[in-house]
Amino acid sequence: MRSFRFLASASAVVDARALAESARKAEALGYSALVITDHLLGQLAPVPFLATVAAATQRLRIGTFVFNNDLRHPAVLAQDLASLDVLSGGRLEIGVGAGWNRSEYDAIGIAFDHARTRVERLAESVAILKGLFGPEPFSFAGKHYRIERLDGRPKPMQKPHPPFLIGGGGRRVLELAAREAQIVGLAPRIGARDGFASAMWRGTAEKIEWVRAAAGPRFDELELNTYPALGRVIVTDDARKAASEMAARIGQRMGAEVKPDDVLDSPHVFVGSIDGLVEKFQRLRSELGISCVMVGAMEPLAPVVERLAGT
């Protein structure tokens, strides 16, 4: 059974001093990593964010949750990532996904291709990143990218490469994660008809079985991750009331009947008392094998992290 590992995220647009203070706080609270999303509006860009966090801390790992593969050529991203791993002394985790937010694609004139095509591109990008992190000049001829004997420089400190977190809710991307990642990010199928069902316990268990089948013998090496995809973390002694309010909002948004018990049971909802959430995370690990949790804002679940991190 893997030890618990907790990731915090930050997205506020702040100056370097304020970001450094937040990073040192996350480190002091026992978080394993501070991560950032990858969107074009309302946040700092990931690479300078991560470099600032690395410079302000000693042990805290840095990462993305997750890069949108379609926004960067993998050869350019490889140099950015290797540089971050060097600058951080080998503390980088590479979160990358196939992209999902169509409005950003539309805003900058990039075609929002079918999921199959986006996952194909992601698979090629992961192969290129790993190839450029390797010791020799690398060539690649794919459907979407071509590389001609490029020797990626610098090389990352972590060998053979920093750990990859590949996340998503669809079967194709999760099977890719099973084959290529070290950390598998489990997500609901956003925008799908069964989006809510895929965020429930049964839907998550189904996704884990896809991963298990695709991973084969390497499944036991994988770290499984979840995050509060359906709403913010709520620490409360009246979990039922908070879940009822959340269920109403989710049901209105998705056009489906959503029950409070389903909300409380979801691996993507963190609502309850500190003791209740400790029990929930322990159940997630014992029954689903999920030991890595991205909690969002660091303060609400700091007592949970203090009790469970590393155990």
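Quick note: structure is the one above.
Residues numbered from 1 in each chain as written. Predicted model: local features only at pLDDT ≥ 70, side-chain atom pairs only at ≥ 80, totals over all residues. Heavy atoms only, no water.

*Asks:* Please explain empty space enclosed by the protein as it appears in this structure.
*Replies:* Left-over empty space is what a probe sized like a water molecule reveals as it rolls over the atoms. In this structure the tally under the stated criterion is one cavity of 30 Å³ or more. Estimates place the volume of the largest cavity at around 30 Å³. Around the largest cavity, the lining residues are Leu7, Val35, Thr64, Phe65, Glu93, Ile94, Gly95 and Leu165. The biggest single contributor to the lining of the largest cavity is strand 5 (residues 92–97), with three residues. Counted by class, the lining of the largest cavity contains five nonpolar, two polar and one charged residues. (1 Å grid on protein atoms, 1.4 Å probe; cavity = no way out; pocket = protein on both sides within 12 Å on 5 of 7 lines; lining within 4 Å. Points joined across faces, edges and corners; volume = space filled by probe spheres on them. Helix = DSSP H or I, 4+ residues; strand = E, 2+ residues; numbered from the N terminus. Nonpolar A, V, L, I, M, F, W, Y, C, P; charged D, E, K, R; others polar.)

*Asks:* Which parts of the structure should I look at to understand helix 2 (residues 46–56)?
*Replies:* An α-helix turns once per 3.6 residues; consequently, residues spaced three or four apart project the same way. Turning to helix 2, its buried residues number three or more, namely Pro46, Phe49, Leu50, Val53, Ala54 and Ala56. Here the buried residues of helix 2 occupy an arc of 165° about the axis, which is enough to place them on one side. Buried positions along helix 2 lie against helix 1 (16–29), strand 2 (33–36), strand 3 (61–64), strand 4 (67–68), helix 3 (74–87) and strand 5. (Buried < 20%, exposed > 50% of the residue type's maximum accessible area, 1.4 Å probe, protein only. Arc of directions from axis to C-beta. Contact = heavy atoms within 4.5 Å.)

*Asks:* In this structure, what is going on with the packing of helix 6 (residues 171–180) against helix 7 (residues 201–215)? I would like to understand it.
*Replies:* Packed helix pairs are characterised by how far apart their axes lie and by the angle those axes make with each other. The interhelical angle for the contact between helix 6 and helix 7, taken along N-to-C directions, is 45°, at an axis separation of 8 Å. The pairing of helix 6 with helix 7 is recorded here as oblique in orientation. In the packing of helix 6 onto helix 7, the handedness of the crossing is right-handed. The residues of helix 7 that touch helix 6, namely those facing Arg171, Leu174, Glu175, Ala178 and Arg179, are Lys207, Trp210, Val211, Ala214 and Ala215. Tallied by class, residues from the contact of helix 6 with helix 7 come to six nonpolar, no polar and four charged. (Axes fitted to C-alpha atoms, helices over the stretch in contact; angles between N-to-C directions. Parallel < 35°, antiparallel > 145°, perpendicular 65-115°, else oblique. Left-handed = near helix turned anticlockwise from the far one by under 90°.)

*Asks:* When you look at the environment of Gly131 in this model, what are you seeing that I'm missing?
*Replies:* Structurally, Gly131 is set in helix 5 (residues 115–133). Spatially, the C-alpha atom of Gly131 lies 36 Å from that of Ser286, the residues being 155 residues apart in sequence. Aside from chain neighbours lying at most four places away, what touches Gly131 is Glu136 and Phe138.

*Asks:* For this particular structure, what's the right way to read the pattern of salt bridges?
*Replies:* Pairing of side chains with opposite charge becomes possible as their charged atoms draw close. Evaluated as defined, the whole model comprises 19 salt bridges. A salt bridge links Arg153 to Asp151, with the nearest nitrogen and oxygen atoms 3.0 Å apart. Residues joined in a network through salt bridges with shared partners are Arg5, Arg61, Glu93 and Glu223. (Salt bridge = Lys/Arg side-chain N within 4 Å of Asp/Glu carboxyl O.)

*Asks:* Looking at this structure, I do not really get the packing of aromatic side chains. What am I missing?
*Replies:* By convention here, two paired aromatic rings are described through the distance between centres and the angle between planes. Enumeration over the complete set of coordinates arrives at six aromatic pairs. Ring geometry for Phe270 versus Phe281: centroids 5.0 Å apart, planes at 80°, classification edge-to-face. Linking Phe270 in the loop between helix 9 (260–265) and strand 12 (271–272) with Phe281 in helix 10 (residues 274–288), this pair joins segments that are 11 residues apart in sequence. Residue Phe270 shares its accessibility class with Phe281, and that shared class is buried. (Phe/Tyr/Trp six-rings, centres within 6.5 Å; stacked < 30°, edge-to-face > 60°.)

*Asks:* Would you mind showing me how to read a nonpolar patch on the surface here?
*Replies:* There is a patch of nonpolar side chains on the surface, built from Leu40, Leu41 and Ile108 and spanning about 320 Å² of accessible area. With respect to the secondary-structure elements, Ile108 resides in helix 4 (residues 102–108). The partly exposed category is assigned to Ile108, whose relative accessible area is 43%. (Patch = residues over 30% accessible without salt bridge, like charges linked within 9 Å, V, L, I, M, F, W, Y side chains within 5 Å. Areas by Shrake-Rupley, 256 points an atom, 1.4 Å probe, with all protein chains shown as cover.)

*Asks:* Sorry if this is basic, but what is going on with the pairing of strand 5 here?
*Replies:* On a regular strand, each side chain points to the face opposite its neighbour's, so the side chains alternate between the two faces of the sheet. Judged by how many residues are buried, strand 5 sits mostly within the fold: six of six residues are covered. Side chains Leu92, Ile94 and Val96 project from strand 5 onto one buried face, and the interleaved Glu93, Gly95 and Gly97 project onto a second face that is buried too. In this sheet, strand 5 lies alongside strand 3 in parallel orientation, the contact comprising two bridges. Looking at the pairing, Ile62 lines up with Leu92 of strand 5. Where strand 4 meets strand 5, two bridges bridge the pair, whose relative direction is parallel. Bridging from a neighbouring strand, Asn68 pairs with Gly97 of strand 5. For the crossover from strand 4 across helix 3 to strand 5, the handedness is right-handed. The pairing of strand 5 with strand 8 (residues 164–168) spans three bridges and is classified as parallel. The partner of Gly95 across the bridge, within strand 8, is Leu165. (Pairing = 2+ DSSP bridges. Right-handed = clockwise from strand over helix to strand, strands pointing away.)

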